[in-house]
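Descriptive analysis of the structure
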Amino acid sequence: MNLKKSLLFAFLFAGFGILAAQETDSAKILKTFHSISSHDLLKITEKLSSEKYKGRLSGSPEYLSAAEWCAAQFEQWGLKPANNGSWFQYFPNAYSEVYSKGSVKYTDPNGVEKELAFPDEYMPGSNSASGTVTGEMVFAGHGITAPELGYDDYLNVDVRGKIVILETGIPYTKNDSVQGKWTPYSYHRYKFKNAIDHGAIGLLYVGTIANPNTSFTEGFVYAHISEKVTEELFAASGKEYKKVKEQLAAFQMPSFVLNPKQKVSISAETKHFPDSKSCNVVGLVEGSDPVLKNEVIIVGGHLDGQGYLGELFPGALDNASGSADIMAVAKALAQSEVKPKRSILFILIGGEECGLYGSKYYADHPLFPIEKTVFMINLDMVGNGTGFFVSSGKTYPEIYRHFEKANQNYLHRKMDASEWRKSYGRPRSDAANFENAGIKTLSLWTSGGVFPVYYHHPKDKTDVLTPEIMEDAAKLLYLGILGVANDGI
Ligand SMILES: [Zn+2]
């Protein structure tokens, strides 16, 4: 054998070696892929949604104990604590405990009393003061006073000593730079403060969802009411709710005092904990490449929920489902025989429902340099449906193609993606805080809902999940993350 031939043989042999190694690698990857099962995912979801954690209200002892349970799983699976030896990243998070459903009763102009039904007609306020307020009602639109925009919902009404009825949101709905000027007025906390500054003693907030993203003020009692109830209250005062909404959308400030014979009484039983803290749970699968391990991919989603408002709000779809998928992928990557070359940071985020506290805290105190963060993927509500949706996937094709390939080769689900779109409104998801920190951020959720979605509702239980889509979303995540982690090497 001459030198040329022997070199050729050596080359071929090496080539076969690489091929054989590649085959083993993909077999190993598939083995891990198939180890992800809906059975395990459902067990995690059931655990997180159980009475024990009382709906995972961020800042509450039950949330912290859910966070500890997740950290214990990470530890068992071989992840590393990612915050200087700790599994937790703490931040301040005031919260209120709600001891009962309370009540909302109103008297119509003929003196007939009606008690509203939970949860279809009213929901207790997550940060209501404790006690009862009774009074006449005033509708004050979106509750905004913005002189620089020539807008004041309180201009022609006196709400002193009264209970104010407010809409959420802002009248300006186009997503452009003008909306930016309205954004400070879109926060629930702003509306509460403005109502109190104008002398209101209580609040009926239109829209029956539980929402801890509000503020506590001693003596200020509030509850959420349905649109249907609002319609009835307006009708008894000779107003058509639909028409008033149209006037609001046309910036006409249609505030009015309701018939003084109509009275409402709101009761709540709560206690506020202003100095509480909450946390993100942070676990790391360290990269196997000595250089690339300094680069990190973040897989996150919120662990917290709405809590317990006289009844359990399990938060199964929102977002025990996302937390379960994140945990399943953490386990898969920690135990996978094929190691990711880049590091993967798993973050179960706290305080999302209270106003995106945990993601903001991470953005302000990143555990890895932002410039070394390859991308972040956020999971919120991945447990009901038949397909996948990846927002911003089209903006980052170099990342998205790994997920697309995984779906094409192994999952065969309907999968769509969108372009990143600048939002001028207030940030509405954890993804926005990572994006604003300068990290490429994608969001994954499931599409084609099979069951009705009970959002921020006591019926958001595990029995309205489709576990097979949770399994496929976790599998998609596992292959997609591993693909990016080992890409370009
Ligand atoms: Zn959510």
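Look up: the structure comes first, before these words.
A brief report on the enclosed structure follows. What you are looking at is a predicted structure, and each value in this text was computed from that prediction instead of being measured. Once a new chain begins, its residue numbering starts again from 1 and follows that chain's sequence as written. The predicted origin of the model limits local features to residues at a pLDDT of at least 70 and limits the giving and counting of side-chain atom pairs to 80 or more, whereas totals for whole chains, interfaces and linings rest on all residues. The side-chain numbers reported here are obtained from all heavy atoms of the structure, hydrogens and water having been left aside.

1. Considerations on the overall build of the protein chain
The helix and strand inventory of the protein chain stands at 12 helices and 23 strands. As a reference, a globule follows 2.2 Å times the number of residues to the power 0.38, and the radius of gyration itself is taken over C-alpha atoms. For 489 residues, the compact-globule formula gives about 23 Å, and the C-alpha radius of gyration of the protein chain, at 26 Å, lands near that figure. Principal-axis analysis of the C-alpha atoms places the extent of the protein chain at approximately 110 × 45 × 40 Å. It only takes one pair of heavy atoms within 4.5 Å for two residues to be counted as in contact. A separation of at least 24 residues holds for 82% of the contacts in the protein chain among residues at least 6 apart in sequence. Distance from the positive charge centre (49 side chains) to the negative charge centre (55 side chains) of the protein chain: 4 Å. Where helices and strands are cited, they refer to DSSP runs of H or I of at least four residues and of E of at least two residues respectively, numbered from the N terminus. The convention is simple: Lys and Arg are positive, Asp and Glu are negative, and His and the chain ends are not counted. Every charge is mapped onto a representative atom, which is NZ of Lys, CZ of Arg, CG of Asp or CD of Glu.

2. Thoughts on a nonpolar patch on the surface
On the surface, a cluster of nonpolar side chains totalling about 250 Å² of accessible area is made up of I209, V453 and Y455. Looking at the element boundaries, V453 is found in the loop between β23 (441–447) and α12 (467–485). Like charges within 9 Å and nonpolar side chains (Val, Leu, Ile, Met, Phe, Trp, Tyr) within 5 Å are joined into patches, using only residues over 30% in relative accessible area that form no salt bridge. All accessible areas in this document rest on Shrake-Rupley with a 1.4 Å probe, and a residue is counted as covered only by the protein chains that are shown. Basic side-chain nitrogens of Lys or Arg form a salt bridge, by our definition, when they fall within 4 Å of a carboxyl oxygen of Asp or Glu.

3. Describing the sheet that holds strand β4 (residues 103–107)
The criterion for strand pairing is that DSSP finds at least two bridges linking the strands in question. With antiparallel pairing, the 4 strands of this open sheet are ordered in space as β5-β4-β15-β7. Edge strands, defined here as strands with exactly one partner in the open sheet, are β5 (113–115) and β7 (131–135). When the angles between neighbouring strand axes are averaged without regard to direction, this sheet yields 15°. One ladder, built from 5 bridges, connects β7 with strand β15 (residues 263–268); its direction is antiparallel. Paired with T134 across the two strands is S265, which belongs to β15. Angles run from 0 to 180 degrees between N-to-C directions of axes, and those axes are lines fitted to C-alpha atoms, restricted for helices to the stretch in contact.

4. Regarding the nonpolar core
Within this scheme, the nonpolar core is defined by two criteria: the residues are buried Ala, Val, Leu, Ile, Met, Phe, Trp, Tyr or Cys, and they are joined through side-chain atoms within 4.5 Å. Burial classification: accessible surface area is computed with a 1.4 Å probe over protein chains only, and a residue below 20% of its type maximum counts as buried, one above 50% as exposed, and the rest as partly exposed. Within the largest apolar cluster, 69 residues are counted, with the highest numbers of intra-cluster contacts made by F74, F346, I377, F403, L444, Y478 and I481. Grouped together as the second largest cluster of nonpolar side chains are 40 residues, V104, Y122, I225 and F313 included.

5. Remarks on the sheet that holds strand β8 (residues 137–139)
Whenever strands of a sheet pair, they do so through backbone hydrogen bonds, lying parallel or antiparallel. Spatially, 6 strands are ordered β6-β13-β12-β11-β8-β14 in an open sheet, and the strand pairing comes out mixed. The sheet is open, and its two borders are formed by β6 (122–124) and β14 (256–257), each paired with just one other strand. Alignment of β8 against β14, held across 2 bridges, turns out to be antiparallel. Note on β14: the bridge partner recorded for F139 is F256.

6. Some thoughts on helix α9 (residues 357–364)
Those residues of α9 that fall on the buried side of the exposure criterion are G358, S359, Y362 and A363. The buried residues of α9 occupy an angular sector of 135° when the element is viewed end-on, so they sit on one face. Turning to α9, the residues buried within the fold contact β2 (88–92), β17 (277–285), β18 (296–302), β19 (343–349) and α11 (430–436). Read the arc as the range of directions from the helix axis to the C-beta atoms.

7. Describing the coordination of the zinc ion
In this structure, H302 (NE2), D318 (OD), D380 (OD) and D380 (OD) serve as the protein donors to the zinc ion, at separations of 1.9 to 2.6 Å. The sequence pattern describing where the donors of the zinc ion fall on their chain is H-x15-D-x61-D. Of this pair, D318 sits in helix α8 (residues 316–335) while D380 sits in the loop between β20 (373–379) and β21 (387–391), and the two are 62 residues apart along the sequence. D380 carries the same exposure label as D318, and that label is buried. Here the coordinating atoms are restricted to nitrogen, oxygen and sulfur within 2.8 Å of the metal centre, or 3.2 Å for Na, K and Ca, and because water is not among them the sites may look incomplete.

8. Here's the deal with the pairing of β23
Burial analysis of β23 places 5 of its 7 residues in the buried class, the great majority of the element. Of the pairings in the sheet, the one linking β20 to β23 comprises 4 bridges and is parallel in character. By the bridge assignment, M376 is partnered in β23 with T441.

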